[in-house]
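Chain and residue survey
Residue-level listing of the chains:
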Amino acid sequence: MTSTAAALSAVSTRENQFVVTGRALHSSRHEPRSPHALTMGKQVVMDASNNNATRERKRIDWLDWVRGVAAVSVMLHHFAEKLSPEYADFSRTYFDMGRAGVVAFFVASGFVIPLTYARQRTDVFFVRRVTRLYPLYLLILLITVLVQPQGSWSDPRWWLEIALNATMLQELVIPSLVGVAWTLTIEWLFYYQQIGAKLIGVLEKSWVLAYAWTGVFVLMVIAEYVTGSSLPITIPCLLAAAFLGQAFSMWYFGSLGSRAFLTSLTIVIGVLAIASASRSSVEADVWPGPLYAISFVGGLAFVLVAYLLRNKLRLPWAVWLGSLSYAVYLVHSLLTELPDLTDSAPLKWVLAVVGIVGTVLISWFLHENLEQKFITWGRKYSPRQRNYSAP
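Attention here is on the structure that accompanies the text.

Basis of the calculations
Along each chain, residues carry numbers from 1 onward, in the same order as the chain's sequence is written. Per-residue local features are limited, in this predicted model, to residues with pLDDT of at least 70; the limit for side-chain atom pairs, both in listing and counting, is 80 or more; totals at the level of whole chains, interfaces and linings are taken over all residues. Water and hydrogen atoms were dropped before computing side-chain values, which therefore reflect all heavy atoms in the structure. Runs of H or I in DSSP of at least four residues are treated as helices and runs of E of at least two as strands, each being numbered from the N terminus. A helix is expected to reach a length of 1.5 Å times the quantity of its residues less one. Summary of the burial criterion: residues with accessible area below 20% of their type's maximum are buried, those above 50% are exposed, and those between are partly exposed, where the area comes from a 1.4 Å probe applied to protein chains only. Axis definition: a line fitted to C-alpha atoms, limited for helices to the stretch in contact. Angles are taken between N-to-C directions and run from 0 to 180 degrees. Oblique is the label for any angle not covered by the other classes, which are roughly parallel (under 35 degrees), roughly antiparallel (over 145) and roughly perpendicular (65 to 115). Each helix crossing is assigned a hand: it is left-handed if the near helix lies turned anticlockwise from the far helix by less than a right angle, otherwise right-handed if that turn is clockwise. In what follows, a contact means two residues having at least one pair of non-hydrogen atoms within 4.5 Å. Stacked, tilted and edge-to-face are the three classes assigned to paired rings of Phe, Tyr and Trp, where Trp is represented by its six-membered ring and a pair needs centres within 6.5 Å; plane angles under 30 degrees give stacked, over 60 edge-to-face, the rest tilted. Whether a charge sits over a ring comes down to the Lys NZ or Arg CZ being within 6 Å of the ring centre and within 35 degrees of the ring normal.

Before going further, it helps to spend a moment on helix 1 (residues 61-83). With 23 residues, helix 1 extends 33 Å from end C-alpha to end C-alpha; this agrees with the ideal 33 Å at 1.5 Å per step. Within helix 1, 18 of the 23 residues are buried, leaving the element largely enclosed by the surrounding structure.

In structure tokens:
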């Protein structure tokens, strides 16, 4: 793989803020397990008609630091591969820290996006997603094609490749020019399914697609075995993780029963792990079956551990990095090339440190001066929605 989820996360930590009324959320330590704390289809998230309701903004801090740790794990994984052949062998044989981070990103995305979308009209949601994700991505894409051109500027096919990459859906047709951007295609596929579910009035039930995408994954593994060809099985894998994140969110806020959530958790994790572990050796030199299973389960396990420790573990640095996670995810793909500039092992380490520190600083700068401005612009100019009630 070129990068390491996702589920990545392309989701702003600002979307960890929910407007709630009444007893839904009273403090950041409150356990929102009231059976009526959140019903997305009924729009309990925002009761705009109740003028006397006290609205509070609350953050789910543990999701912020999940993103922060996941972003760091992806970044460190790619730098470590450049520095240590031993680590590279380990990550290709036993556990891929970057892939696990991507899975965690997609679970976090599945947790947050349906909640955000439930209290917005579709046009508002779409405009804000575009202004949130595209500006920084297009900047990184521009820098990539200028610094590392992979085609001739006189060749129309090169321009077509750039244009396809600018859509963020390029992985459906061609490989991404920005190495880590393959996850953004999957992220948008998740968004489009959420939009479709809401348009037909079943947004709160769309978590069951976790089962559907798990089934697609199994069928693709079987097809790999029969044909001997490699298929893009990571797409259904990460989509299943995202919809599992939605089920987790609904259970967390009390609109999905414990039995339904635990059943989905057990079936999706169990089936995906068994199916991926039994993959044929189609990609044995890059991504063997057991490694695929271990890394996937590792990403899910990290999110569950973060949830269990949410009231005990405080990671301010990770929460801060969580706010930069999208920028860190994209920017580090440029700076991981630094260690390749020299054959000297000590200098490689120096350049790696420069790359890691540079990634964080540049990400902070871009977050403050590019991302935030476009987020504000998207909120200001997206279609107005007054007293909106979900269908």
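So that's the structure; there's more coming.
How two helices sit against one another is set out by the angle between their axes and by the gap between those axes. Relative to each other, helix 7 (residues 209-227) and helix 9 (residues 258-277) sit at 10°, their axes nearing to 10 Å. Relative to helix 9, the element helix 7 is oriented roughly parallel. Two packed elements cross with a definite hand, and for helix 7 against helix 9 that hand is left-handed. Here Ala210, Tyr211, Thr214, Phe217, Val218 and Val221 of helix 7 lie close against helix 9, whose contacting residues are Ala260, Thr263, Ser264, Ile267, Val268, Val271, Leu272, Ala275 and Ser276.

This brings us to the packing of aromatic side chains. Throughout the structure, instances matching the rule amount to 28 aromatic pairs. Ring geometry for Trp377 against Tyr381: centres 5.2 Å apart, planes inclined by 45°, an arrangement best described as tilted. Highlighted residues: Trp377 and Tyr381, both in helix 13 (residues 345-381), separated by four residues, approximately one helical turn. The exposure class of Trp377 is partly exposed, given its relative accessible area of 45%. Through pairs of rings, three or more aromatic residues link up here, namely Trp62, Phe111, Phe248, Trp251, Tyr252, Phe253, Phe261 and Tyr307. Residue placement shows Lys198 over the ring face of Tyr117; its charged tip is 4.3 Å from the ring centre.

By themselves, these figures tell us nothing about what the structure is for.
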